[in-house]
Amino acid sequence: MAEDTATVLAGLEAPLRADGFAFVPAGAMRALLGQQAVADWASFAASWNRLGLDRYMADGGRYRRRRHATFAISAGGMTRKKHQPHYQSRDYNELNGGIERWFRAMEPEMGSHPALQAILRLMHRIVTDLSEPANRPDVWHTEVHQFRIEALENSPGQPTPEGLHRDGVDWVMVIMVRRENVMSGETSIHDLQRTLLGGFMLDQPLDTAVVNDNRVYHGVTAVRPLDPTRPAYRDVLVVTFRHQ
């Protein structure tokens, strides 16, 4: 790893160690991923136009579209797993938890896209650096979620419809892919007593948040259209790591 990239990585990991979360601006994220990985970011981002409707919303909403994939990641490499459901207990997701949710699979070419592969390698490096050796699994169970939250004039989109929450994993990375004609969507981070620790906006493509899910809660405010006559949406990639 180049010296300047190592410096950027150290700057990301320091607040994660101290506070349990870090905001990584787009420029720093590009440096960490490498120019080759993001050279064709446009084709990766375009795949968000091909997501499927999330039909599991217990609030009756039809504002969320998504695809999903799972990987096994270790020091020896990464392998995409057979398509499987996403499951969260109701302890972590009171709104939509407690059931197996089958979403459309991430397209094969997106699962092997250089941008995603670089993101997964980076996240593995981070969680390896920050996990105590005794608590570091040989293989991490990794889930990748493509989300689009759509907003209408009289129906705001809820990026976190379950409210302030934890995901029930060990580590979470959220990467902004695109904001189109929306306002708000502010991220807030809270400690385990739900005291506010900080907040920020994922605004530009590749703006990123990383959180230690064992230490903090996170939530995102609803998005609303700037111009209600045009499509309005917020696209993000969410990557989670947990022990197998």
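Now for a quick tour of the structure. Within each chain, residue numbers correspond to sequence positions counted from 1 in written order. The predicted origin of the model limits local features to residues at a pLDDT of at least 70 and limits the giving and counting of side-chain atom pairs to 80 or more, whereas totals for whole chains, interfaces and linings rest on all residues. Excluded from the side-chain calculation are hydrogens and water; included are all heavy atoms of the structure.

### What to know about the overall build of the chain
Logical step 1: If you tally the helices and strands in the chain, you get 6 helices and 15 strands.
Logical step 2: Here the globule rule reads 2.2 Å times residues to the power 0.38, and the radius of gyration is calculated from C-alpha atoms. Rg of the C-alpha trace for the chain: 17 Å, near the compact-globule value of 18 Å for 244 residues, within the 12% margin.
Logical step 3: By principal-axis analysis of the C-alpha atoms, the chain measures approximately 50 × 40 × 40 Å.
Logical step 4: Considering the chain as a whole, with its 244 residues, one finds that 52% of them fall into the buried category.
Logical step 5: Residue contacts are counted whenever heavy atoms from the two residues lie within 4.5 Å of one another. Taking the contacts inside the chain whose residues are at least 6 apart along the sequence as the reference set, 78% of them involve residues at least 24 apart.
Logical step 6: Carbon and sulfur atoms make up 49% of the accessible area of the chain, which amounts to about 11200 Å² in all. Helix and strand labels come from DSSP, where a helix needs a run of H or I of at least four residues and a strand needs a run of E of at least two; each type is numbered from the N terminus. Classification of residues uses two cut-offs on accessible area relative to the type maximum, computed with a 1.4 Å probe and protein chains only: under 20% is buried, over 50% is exposed, and between them is partly exposed. Computed by Shrake-Rupley with a 1.4 Å probe, the accessible areas treat only the displayed protein chains as cover when residues are assessed.

### Describing the sheet that holds strand E13 (residues 217-220)
Logical step 1: Strand order in this open sheet of 3 strands is E11-E10-E13, and the pairing throughout is antiparallel. Either end of the sheet is taken by a strand with one partner, and the two such strands are strand E11 (196-201) and E13. The average undirected angle you get between the axes of adjacent strands in this sheet is 20°.
Logical step 2: Two strands are counted as paired when DSSP detects at least two bridges linking them. With 4 bridges joining them, strand E10 (residues 186-190) and E13 adopt antiparallel strand pairing. Paired with Ser188 across the strands is Gly219, a residue of E13. Under this scheme, a helix contributes an axis fitted over its contacting stretch, all axes are lines through C-alpha atoms, and angles between N-to-C directions fall in the 0 to 180 degree range.

### So, the pairing of strand E3 (residues 64-74)
Logical step 1: Along E3, 9 of the 11 residues are buried, which leaves the element largely enclosed by surrounding structure.
Logical step 2: Across 2 bridges, strand E2 (residues 52-53) lies against E3 in antiparallel orientation. Across the sheet, Gly52 pairs through a bridge with Arg66, a residue of E3.
Logical step 3: Where E3 lies against strand E7 (residues 140-150), 10 bridges are found, and the strand directions are antiparallel.

### What about the packing of aromatic side chains?
The relation between two aromatic rings is expressed through the spacing of the ring centres and the mutual angle of the planes.
Logical step 1: Working definition: a ring pair exists when centres of Phe, Tyr or Trp rings (six-membered ring for Trp) sit within 6.5 Å. Plane angles under 30 degrees give stacked, over 60 give edge-to-face, the rest tilted. Applying the stated criterion across every chain yields a total of 4 aromatic pairs.
Logical step 2: Ring centres of Phe44 and Trp48 lie 5.2 Å apart, and the angle between their planes is 85°; this geometry places the pair in the edge-to-face category. A single burial state applies to Phe44 and to Trp48, both of which are buried.
Logical step 3: Clustering of aromatic rings is evident, with ring pairs tying together Trp41, Phe44 and Trp48.
Logical step 4: A positively charged side chain is recorded as over a ring if its NZ (Lys) or CZ (Arg) lies within 6 Å of the ring centre. The angle to the ring normal must also be within 35 degrees. We note Arg148 situated over the ring of Tyr233; from NZ or CZ to the ring centre the distance is 3.7 Å.

### With respect to the side chain of Asp207
Logical step 1: Following the sequence through the fold, Asp207 ends up in the loop between E11 and strand E12 (208-212).
Logical step 2: Within the buried core, Asp207 has no salt-bridge partner, and the shortest N-O distance to an opposite charge, that of Arg30, equals 7.1 Å.
Logical step 3: In terms of polar contacts, Asp207 uses its side chain to reach the backbone amide nitrogen of Ala26, at 2.9 Å.
Logical step 4: Setting aside residues no more than four positions away along its own chain, Asp207 makes contact with Phe23, Val24, Pro25, Ala26, Val174, Ile175, Met176, Met201 and Leu202. In summary, the charge assignment counts Lys and Arg as positive and Asp and Glu as negative, without counting His or the chain termini. For salt bridges, the criterion is a side-chain nitrogen of Lys or Arg within 4 Å of an Asp or Glu carboxyl oxygen. Within 3.5 Å is the distance limit for a polar contact, defined as a pair of N or O atoms, with the added protein rule that one can donate a hydrogen and the other accept it, and that residues adjacent in sequence qualify only through two side-chain atoms.

### A short note on unusual backbone geometry
Logical step 1: The phi torsion at Asn181 lies on the positive side, around 60°, for a residue other than glycine.
Logical step 2: Mapped onto the fold, Asn181 is located in the loop between strand E8 (171-180) and strand E9 (182-184).
Logical step 3: At Leu206, a position not held by glycine, the phi torsion is positive, near 85°.
Logical step 4: Following the sequence through the fold, Leu206 ends up in the loop between E11 and E12.

### Some remarks on helix H6 (residues 114-130)
Logical step 1: Each residue after the first adds 1.5 Å to the expected span of a helix. For H6, spanning 17 residues, the distance from its first C-alpha to its last is 24 Å, which sits close to the expected 24 Å at 1.5 Å a residue.
Logical step 2: The buried count for H6 comes to 12 of 17 residues, which makes it a mostly enclosed element.
Logical step 3: Those residues of H6 that sit buried are Ala115, Leu116, Gln117, Ala118, Ile119, Leu120, Leu122, Met123, His124, Ile126, Val127 and Leu130.

### Points about the pattern of salt bridges
Logical step 1: Within this structure, the stated rule accounts for 11 salt bridges.
Logical step 2: One salt bridge connects Arg17 with Glu13, and the closest N-O pair in it is separated by 3.9 Å. Here the residue Arg17 and the residue Glu13 both occupy positions in helix H1 (residues 3-19), the gap between them amounting to 4 residues, near one helical turn.
Logical step 3: Residue Arg17 is classed as partly exposed on the basis of its relative accessible area, which comes to 47%.

### What about the nonpolar core?
Logical step 1: If you look at the biggest cluster of nonpolar residues, it comprises 42 residues, and the most contacted ones within it are Leu33, Trp41, Met173 and Leu237.
Logical step 2: Tallying contributions element by element places H6 first for this core, with 10 residues.
Logical step 3: Sequence-distant contacts of Leu33, defined by excluding residues within four places in its chain, comprise Val38, Ala118, Ile119, Leu122 and Leu206. Residues belong to one nonpolar core when they are buried, are Ala, Val, Leu, Ile, Met, Phe, Trp, Tyr or Cys, and are joined through side-chain atoms within 4.5 Å.

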